[in-house]
Amino acid sequence: MAGTRSEPRHGTGERRTVDEREVARFAALADTWWDPRGSMRVLHKFNPVRVGYIRDEAARHFGRDPASLTCLQDLSVVDIGCGGGLLCEPLARLGAEVTGLDPATTNVEVARLHAERAGLSIAYRDETVEALAARGERFDIVCAMEVVEHVADVGAFVAACCAVVKPGGLLFMATINRTLKSYALAIVGAEYVLRWLPRGTHSWEKFVTPDELTDTIEDGGLSVLDRTGVVYNPLADSWRPSRDLDVNYMLVAARPGEAGA
């Protein structure tokens, strides 16, 4: 399937934020998305933390029981930059009506095939969040996890993400802080020393601080409810939530209004 990427669909007058070099690089890795020992192994280990964060914060916001296996029942979710579907599938299993977006057609093909084999109904599309915003599509939960640091225009991208959040809905984002510590750990350590990620996966200059991201989200009409760091425990070979926002962090923001409106 590699090499079959087509140009993503987008709306008229859309301010495009897709970085085509980033799309091509991740498309080349498409067949490795579901290999827990392959180039996406760090994301596989990171995934339970972000799924748990989304589940717990969404359950609290929408008045659900986070211990319920269907706590996201009937909530519409869009995962922007879904890749091979690692986040989409567990959210669908929690009952959410999930849409996955990725501008790389190869990623969408991998995600769609894996979901079909797993018996999950997930709507995958090879298009951009700007296209959704232009059509006026809205969702209860919008996720853009590990995407901000790969786009060409952070402000325009975040604005489009905010635009597709329903009144009373939530926006989840995860990215990497721009600090000396993040350069040492996320680039030098992860890409060159430990070789968790292919070299060139990240550019330190494209990292966004929590305050910068918060300000941009608030410009989009949402209020940030929580920010949490995520740190790696080498002894347990696992990731966990932390107060330390110096490297990896996640946040959740809400649009004012009645949920489900």
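Provided above is the structure to which this section pertains.
Residues numbered from 1 in each chain as written. Predicted model: local features only at pLDDT ≥ 70, side-chain atom pairs only at ≥ 80, totals over all residues. Heavy atoms only, no water.

### A short note on unusual backbone geometry
Even without a glycine there, the phi angle at Asp74 is positive, about 70°. Among the secondary structure elements, Asp74 is positioned in the loop between helix 2 (41-62) and strand 1 (76-80). With relative accessibility at 53%, the residue Asp74 sits in the exposed group. The phi dihedral of Glu146 falls on the positive side, at around 60°, and the residue is not glycine. Within the element layout of this structure, Glu146 appears in the loop between strand 4 (139-145) and helix 6 (154-163). (Helix = DSSP H or I, 4+ residues; strand = E, 2+ residues; numbered from the N terminus. Buried < 20%, exposed > 50% of the residue type's maximum accessible area, 1.4 Å probe, protein only.)

### Here's the deal with the pairing of strand 2 (residues 97-101)
For strand 2, a buried count of four out of five residues is recorded, marking the element as mostly surrounded by other parts of the structure. Sheet topology places strand 1 next to strand 2; five bridges connect them, and they run parallel. Residue pairing across strands places Val77 opposite Val98, the latter belonging to strand 2. Where the polypeptide runs from strand 1 across helix 3 (residues 88-93) and back to strand 2, its parallel neighbour, the crossover connection is right-handed. With three bridges connecting them, strand 2 and strand 3 (residues 123-125) associate as parallel partners. Opposite Thr99, over in strand 3, you have Ala123 as the bridge partner. Considered for its hand, the β-α-β crossover made up of strand 2, helix 4 (residues 105-118) and strand 3 is right-handed. (Pairing = 2+ DSSP bridges. Right-handed = clockwise from strand over helix to strand, strands pointing away.)

### As for the side chain of Asn248
Tracing the chain through its elements places Asn248 in strand 8 (residues 248-254). Asn248 sits in the buried class, given a relative accessible area of 15%. Look past the residues within four positions of Asn248 in its chain and what remains in contact with it is Phe46, Thr175, Ile176, Gly229, Val230 and Trp239. (Contact = heavy atoms within 4.5 Å.)

### Structural notes on the nonpolar core
One finds Leu72, Ile141, Cys143 and Phe172 to be the most contacted residues of the largest nonpolar core, which totals 37 residues. Among the secondary structure elements, those contributing two or more residues to this core are helix 2, helix 3, helix 4, strand 4, strand 5 (165-176) and strand 8. Those residues in contact with Ile141 that lie beyond four places of it in its chain are Ala58, Phe62, Leu72, Leu75, Ser76, Val77, Val78, Leu170 and Phe172. Judged by nonpolar contacts, the second largest core, of 27 residues, contains Val129, Val148, Cys161 and Val164. (Core = buried A, V, L, I, M, F, W, Y, C linked by side-chain atoms within 4.5 Å.)

### A few points about the state of the cysteines
This model, assessed by the stated rule, comprises zero disulfides. Between Cys82, a free cysteine, and Cys88, which holds the nearest cysteine sulfur, the sulfur-to-sulfur gap is 4.8 Å. With relative accessibility at 0%, the residue Cys88 sits in the buried group. (Disulfide = S-S within 2.5 Å.)

### Points about the pattern of salt bridges
The full count for this structure, using the stated rule, is 14 salt bridges. Salt-bridge contacts for Arg178 lead to Glu212; the nearest nitrogen and oxygen are separated by 2.7 Å. In this pair, Arg178 is assigned in the loop between strand 5 and helix 7 (180-193) and Glu212 in helix 8 (residues 210-219), connecting sequence segments 34 residues apart. When its relative accessible area of 33% is taken as the criterion, Glu212 is described as partly exposed. The salt bridge partner of Lys181 is Asp246, with a shortest N-O separation of 3.7 Å. Linking Lys181 in helix 7 with Asp246 in the loop between strand 7 (238-242) and strand 8, this pair joins segments that are 65 residues apart in sequence. Lys181 sits in the partly exposed class, given a relative accessible area of 35%. Look at Asp246 and you get partly exposed, because its relative accessible area is 34%. The network of salt bridges with shared partners includes Arg125, Glu127, Arg135 and Glu137. (Salt bridge = Lys/Arg side-chain N within 4 Å of Asp/Glu carboxyl O.)

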